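Architecture and fold: a report
Residue strings, one per chain:
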Amino acid sequence: MSQRSAANEEYVEFSAGRIGHLYRSACLLTGGDTHLAEDLVQETLGRIFVRWRRVSAADNPVAYAQTMLVHTFLSWRRLRRSSEQPSASPPELPSNDDGDVALRVTLLAALAQLSARDRAVLVLRYWEDRSVEETAAALRLSPGAIRAHSLRALARLRAQLGDDLSIFVAL
C-alpha cells in the first residue's frame with residue numbers, strides 16, 4: 001500500500017469517527033440550522049483532508065478538527081453577515097422521540113440569540129469541555145476575553161431562559 005493511500009485510509013477512518021460529533025457541535029454553533037451545520041462539517045472535513053499530514057501529526061487531531069470547525073463557522077458568519085437574513089419564524093422541526101424536544105428547541109433558540117463569538121465560546125467551553133486556555137488558543141483570544149465572553153453569554157442565556165431552571169430538569 002502506498003503512503004498516499006495509507007494516509008487516505010487514515011483520513012477516512014478519522015472523519016468517519018468524528019463526523020457525528022462535529023455535526024452536533026456545528027448544530028450548536030449555528031443555533032440549530034441543520035443545513036448550515038452540514039455545510040460547515042463538509043467544509044471542515046475538506047480543509048482537514050487538504051491538511052491531513054499536519055492534522056494527523058498534531059498532538060490532538062480531534063481538538064484540531066474542532067478548532068477548524070469553529071474557525072470555519074466564524075469565517076462563514078463574517079462572509080455572510082450582510083447577505084442572508086434569518087426568517088421570522090423557524091421551520092417546523094421533525095419529531096424526535098429520544099429526548100425532550102421542547103427543551104432542545106428552547107435551548108437552540110436561546111443559543112441562536114447570542115453572537116457568533118459568544119456561541120463559539122460556550123460550545124468550546126461547555127459542550128467540548130475545553131479549558132479557558134484551550135478555548136483562548138482556539139479562538140485566538142486572551143483567557144480574560146474568554147472569561148468575559150462566557151460570563152456575558154451565560155448571563156444572556158439566563159435572562160432568556162429565566163432563573164427557575166428546575167423546569168428544564170426531568171424528574
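Provided above is the structure to which this section pertains.
Just so it is clear, the model here is predicted, and its values are computed rather than measured.

1. So, the overall build of the chain
Secondary structure assignment for the chain yields eight helices and zero strands. Ordered by position from N to C terminus, the α and β elements of the chain give α-α-α-α-α-α-α-α. Put simply, the chain has 171 residues, and 35% of those count as buried. Within the chain, residue pairs in contact and separated by at least 24 positions form 66% of the contacts whose partners lie at least 6 positions apart.

2. Topic: the pattern of salt bridges
Taken as a whole, this structure holds three salt bridges when the rule is applied. One salt bridge in this structure joins arginine 152 and aspartate 118, with 3.2 Å as the shortest N-O distance. Of the two residues, arginine 152 sits in helix H8 (residues 143–161) while aspartate 118 sits in helix H6 (residues 116–127), which places them 34 residues apart along the sequence. Overall, the relative accessible area of 41% leaves arginine 152 in the partly exposed class. According to the relative accessible area criterion, aspartate 118 is buried, its value standing at 2%.

3. Some remarks on the nonpolar core
As a rule of thumb, soluble globular proteins bury nonpolar side chains together. Counting residues in hydrophobic clusters, the biggest one holds 40 residues, and the most contacted among them are Leu29, Leu40, Ile48, Leu69, Val70, Leu74 and Leu139. Only helix H1 (3–29), helix H2 (34–50), helix H3 (52–57), helix H4 (61–80), helix H5 (101–112), H6, helix H7 (132–139) and H8 provide two or more residues apiece to this core. In contact with isoleucine 48, not counting residues within four places along its chain, are Tyr11, Phe14, Val55, Ala65 and Met68.

4. Side note on H1
Maximum bend of H1: about 45°, positioned at arginine 18. All of the buried residues in H1 are Tyr11, Phe14, Ser15, Arg18, His21, Leu22, Ser25, Ala26, Cys27, Leu28 and Leu29. Looking one or two residues past H1, glycine 31 carries a phi angle of roughly 70°, positive in sign.

5. Considerations on the packing of H5 against H8
Think of two packed helices as two axes; the pair is described by the angle between the axes and how far apart they sit. Orientation of H5 relative to H8, taken along the N-to-C sense of each, is 130°, at an axis distance of 10 Å. Of the possible angle classes, the one that applies to H5 and H8 is oblique. With respect to the hand of their crossing, H5 and H8 are arranged in right-handed fashion. Where H5 abuts H8, its residues Thr106, Leu107, Ala109, Ala110 and Leu111 lie against Leu157, Gln160 and Leu161. The class makeup of the residues in the contact of H5 with H8 is six nonpolar, two polar and no charged.

6. Digging into the environment of alanine 136
Within the fold, alanine 136 resides in helix H7. Of the residues examined, alanine 136 reaches a relative accessible area of 4% and is grouped as buried. Between the alpha carbons of alanine 136 and leucine 124 there is a distance of 9.6 Å; along the sequence they are 12 residues apart. Setting aside chain neighbours within four positions, we find alanine 136 in contact with Leu141, Ser142, Pro143 and Ile146.

7. A short note on the packing of aromatic side chains
With the rule as written, the count across this model stands at three aromatic pairs. Ring geometry for tyrosine 11 versus phenylalanine 49: centroids 5.0 Å apart, planes at 70°, classification edge-to-face. Of the two residues, tyrosine 11 sits in helix H1 while phenylalanine 49 sits in helix H2, which places them 38 residues apart along the sequence. Judged by relative accessible area, tyrosine 11 falls into the buried class, the value being 12%. Ring geometry for tyrosine 11 versus tryptophan 52: centroids 5.7 Å apart, planes at 75°, classification edge-to-face.

8. Thoughts on the packing of H1 against H2
One can describe the packing of H1 onto H2 by two numbers: an axis separation of 9 Å at closest approach and a directional angle of 150°. The angle between the axes of H1 and H2 places the two elements in the roughly antiparallel class. Every pair of crossing elements has a handedness; the one defined by H1 and H2 is right-handed. Two secondary-structure elements touch here, H1 through Asn8, Tyr11, Phe14, Ser15, Ile19, Leu22, Tyr23, Ala26 and Cys27 and H2 through Thr34, Ala37, Glu38, Leu40, Val41, Leu45, Gly46, Ile48 and Phe49. For the contact of H1 with H2, the residue count by class is 13 nonpolar, four polar and one charged.

Conventions and cut-offs
Residues numbered from 1 in each chain as written. Predicted model: local features only at pLDDT ≥ 70, side-chain atom pairs only at ≥ 80, totals over all residues. Heavy atoms only, no water. Helix = DSSP H or I, 4+ residues; strand = E, 2+ residues; numbered from the N terminus. Buried < 20%, exposed > 50% of the residue type's maximum accessible area, 1.4 Å probe, protein only. Contact = heavy atoms within 4.5 Å. Salt bridge = Lys/Arg side-chain N within 4 Å of Asp/Glu carboxyl O. Core = buried A, V, L, I, M, F, W, Y, C linked by side-chain atoms within 4.5 Å. Bend = angle between axes of the 7 residues up to and from the residue. Axes fitted to C-alpha atoms, helices over the stretch in contact; angles between N-to-C directions. Parallel < 35°, antiparallel > 145°, perpendicular 65-115°, else oblique. Left-handed = near helix turned anticlockwise from the far one by under 90°. Nonpolar A, V, L, I, M, F, W, Y, C, P; charged D, E, K, R; others polar. Phe/Tyr/Trp six-rings, centres within 6.5 Å; stacked < 30°, edge-to-face > 60°.

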